[in-house]
Amino acid sequence: MKVITVHSERTYSIDIGREFTSAIHGLSENRERVAIIFSENMKEFIPVFDSQGAEYFYFAIPDGEEAKSIRTLERVWNWLGAAGFTRSDLIVGIGGGAITDFAGYVAASWLRGVDWVAVPTTVAGMVDAAIGGKTGINSDYGKNLIGAFHSPCRVVIDLAWLPSLSERDFAAGLAEVVKCGFIKDPEILKIIQGRTIADIRGSYEITHELIERAIQVKADVVSGDFKESFEREILNYGHTFGHAVELHSRYSLRHGECVSIGLVFIAHLSHDLGLISSEIRDLHLSILTGLQLPTSYSQGSWPDLYAAMKLDKKSRGNTLRFVAISEIGRTQRIENPTEASLKSAYERVSQ
Ligand SMILES: NC(=O)c1ccc[n+]([C@@H]2O[C@H](COP(=O)([O-])OP(=O)(O)OC[C@H]3O[C@@H](n4cnc5c(N)ncnc54)[C@H](O)[C@@H]3O)[C@@H](O)[C@H]2O)c1
């Protein structure tokens, strides 16, 4: 088992390759009550935990983004109230990023903050959503508008979850892993290059190494900048155009698929501006195509996507800002590029 430590408003460890049931038993010691929050469609995978002193409560909630609603939050608050949850009890979120975002926010809001454990079950959850302490739910006005920074007390990564994950979700999660390769860990790209998604999925060792490396990148970045003032922004490589596509597609594409398109967009933009070589630009395309991730988006119209990018939270004040790279593993920022250069990059990804 590999342990990676994150330093934020609290210090916590991410246990990679740890069997989750024994981890939860261990973390439940000395707790009176433990709430296990998971999505209804994962019910068959959730074991009955032995009490060992703690009383376990099982809260099945809707799947995916539906979990992250005010209605679901109210239901879970009521369950916690009825169960008599106190500040010394524990919340455990088991599921994809939607569930850990939700469970973390339940923990942040109940009694002004109780301990919680994240047990991510998707690649995206393992390398991204469960790490860094961002928790939240959606409002009718947009995704993740309600939330809090509230780090878990432990993240338990058990790769035994992954075989049941759809190929589409597995690949989408790898888009974030690829991003980590470009911004900080070139070894990730070397491992992925020339391998198919089946090669990666079929090998515990390769999957473990990629997930571990991506987690290390995120853990290092958030340890240096918990509340996203500047350094943490590098994690948004590929996300500015990616978020615009996500919004425009009305969330019909996976987040990671939109990031993949966004990575190709920023590669074209950076190359056009003379920041990266054509080899590095093409490496984005070949790696993402090799993982069967989308690299183009043809349903969009430029004015809509441009407007969405300007709205993106990364554009501060009047500044439209993109995280870019100057070489693999070295980031920089592009501020206020001309609309003509953006449109030209868009034309390349819209074919
Ligand atoms: N907090 C953060 O820093 C952060 C970062 C990135 C993304 N997010 C959030 O994460 C969410 C996306 O996460 P996601 O990509 O994991 O999607 P998700 O949570 O919606 O899960 C995708 C699907 O996979 C299913 N699933 C989960 N684990 C499974 C397994 N082991 N086997 C079979 N099916 C399984 C889920 O039920 C769901 O249908 C979004 O809500 C996004 O806002 C948060």
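Below you will find a few notes about this structure. (Residues numbered from 1 in each chain as written. Predicted model: local features only at pLDDT ≥ 70, side-chain atom pairs only at ≥ 80, totals over all residues. Heavy atoms only, no water.)

Below, the discussion takes up helix 8 (residues 204–224). Taking 1.5 Å as the rise per residue, helix 8 with 21 residues should run 30 Å; its terminal C-alpha atoms sit 30 Å apart, in good agreement. Every buried residue of helix 8 is accounted for by I206, T207, H208, L210, I211, A214, I215, V217, K218, A219, V221 and V222. (Helix = DSSP H or I, 4+ residues; strand = E, 2+ residues; numbered from the N terminus. Expected span 1.5 Å × (residues − 1). Buried < 20%, exposed > 50% of the residue type's maximum accessible area, 1.4 Å probe, protein only.)

On to the pairing of strand 9 (residues 154–157). Alignment of strand 2 (residues 11–16) against strand 9, held across 4 bridges, turns out to be parallel. In the sheet register, D15 faces strand 9, and the bridge partner there is V156. In this sheet, strand 9 lies alongside strand 6 (residues 115–120) in parallel orientation, the contact comprising 2 bridges. Among the inter-strand pairings, V117 is bridged to a residue of strand 9, identified as R154. (Pairing = 2+ DSSP bridges.)

Our next topic: the pairing of strand 3 (residues 33–39). Of all 7 residues that make up strand 3, 7 are buried, and the element is covered over most of its length. With burial as the criterion, each face of strand 3 is covered, one bearing R33, A35, I37 and S39 and the other bearing V34, I36 and F38. Pairing geometry for strand 3 and strand 4 (residues 55–61), over 7 bridges, is parallel. Bridged to R33 within strand 4 is E55. Summarising the sheet, strand 3 and strand 5 (residues 90–95) pair through 5 bridges and their orientation is parallel.

All right, on to the packing of helix 12 (residues 302–311) against helix 13 (residues 339–349) then. In the contact formed by helix 12 and helix 13, the axes pass within 11 Å of each other and the chain directions differ by 120 degrees. Looking at the two axes, helix 12 sits oblique to helix 13. Every pair of crossing elements has a handedness; the one defined by helix 12 and helix 13 is right-handed. Contact residues: W302, L305 and Y306 in helix 12; E339, L342, K343 and Y346 in helix 13. For the contact of helix 12 with helix 13, a count of residues per class yields 5 nonpolar, no polar and 2 charged. (Axes fitted to C-alpha atoms, helices over the stretch in contact; angles between N-to-C directions. Parallel < 35°, antiparallel > 145°, perpendicular 65-115°, else oblique. Left-handed = near helix turned anticlockwise from the far one by under 90°. Contact = heavy atoms within 4.5 Å. Nonpolar A, V, L, I, M, F, W, Y, C, P; charged D, E, K, R; others polar.)

This part takes up the environment of A83. Positionally, A83 belongs in helix 2 (residues 70–83). The exposure class assigned to A83 is buried, which follows from its relative accessible area of 17%. Sequence spacing of A83 and P337 is 254 residues, and the spatial spacing of their C-alpha atoms is 54 Å. Once residues within four sequence positions are removed from consideration, A83 is found in contact with R33 and F57.

This part is about the site of the ligand. With respect to spatial proximity, 24 residues lie near the ligand, and among them D63, E65, T121, T122 and S164 are the closest. One nitrogen or oxygen atom from the side chain of K68 is found 2.8 Å from an oxygen atom belonging to the ligand. Here a nitrogen atom of the ligand and a backbone polar atom of K134 are 2.9 Å apart. The protein chains hide 84% of the 870 Å² of surface that the ligand would expose on its own. For the shell around the ligand, the secondary-structure elements that each account for two or more residues are helix 3 (97–109), helix 4 (123–129) and strand 8 (142–149). Grouping the amino acids of the shell around the ligand by side-chain chemistry returns 6 nonpolar, 9 polar and 9 charged. (Near = heavy atom within 4 Å. Polar contact = N/O pair within 3.5 Å; in protein donor to acceptor, adjacent residues only side chain to side chain. Areas by Shrake-Rupley, 256 points an atom, 1.4 Å probe, with all protein chains shown as cover.)

Counted under the stated rule, the structure contains 23 salt bridges. Between E233 and R333 there is a salt bridge, with the nearest N and O atoms lying 3.4 Å from each other. With E233 in the loop between helix 8 and helix 9 (239–248) and R333 in strand 11 (residues 330–335), this residue pair connects regions lying 100 residues apart in the sequence. Assessed through its relative accessible area of 1%, E233 is described here as buried. Three or more residues joined by partner-sharing salt bridges are found here, namely E65, K68, D101, K143 and E246. (Salt bridge = Lys/Arg side-chain N within 4 Å of Asp/Glu carboxyl O.)

To continue, consider the packing of aromatic side chains. Scanning the model with the defined rule gives 9 aromatic pairs in all. Aromatic pair F20 and F49: ring centres 6.4 Å apart, planes at 80 degrees, arrangement edge-to-face. Of this pair, F20 sits in helix 1 (residues 20–28) while F49 is found in the loop between strand 3 and strand 4, placing the two residues 29 residues apart along the sequence. Ring geometry for F49 and Y56: centres 5.4 Å apart, planes at 25 degrees, overall stacked. Using a relative accessible area of 5% as the deciding quantity, one classes F49 as buried. For Y56, a relative accessible area of 11% puts it in the buried group. By the ring-pair criterion, three or more aromatic residues cluster together here, those being F20, F49, Y56 and W161. (Phe/Tyr/Trp six-rings, centres within 6.5 Å; stacked < 30°, edge-to-face > 60°.)

What follows covers the packing of helix 2 against helix 3. Where helix 2 contacts helix 3, the axes come no closer than 11 Å and their chain directions differ by 55 degrees. Regarding the angle of helix 2 to helix 3, the classification is oblique. When the axes of helix 2 and helix 3 are compared, the crossing they make is right-handed. Each of T72, L73, V76, W77 and L80 in helix 2 lies in contact with helix 3, whose residues at this interface are F102, Y105, V106 and S109. Its residues placed into classes, the contact of helix 2 with helix 3 shows 7 nonpolar, 2 polar and no charged.

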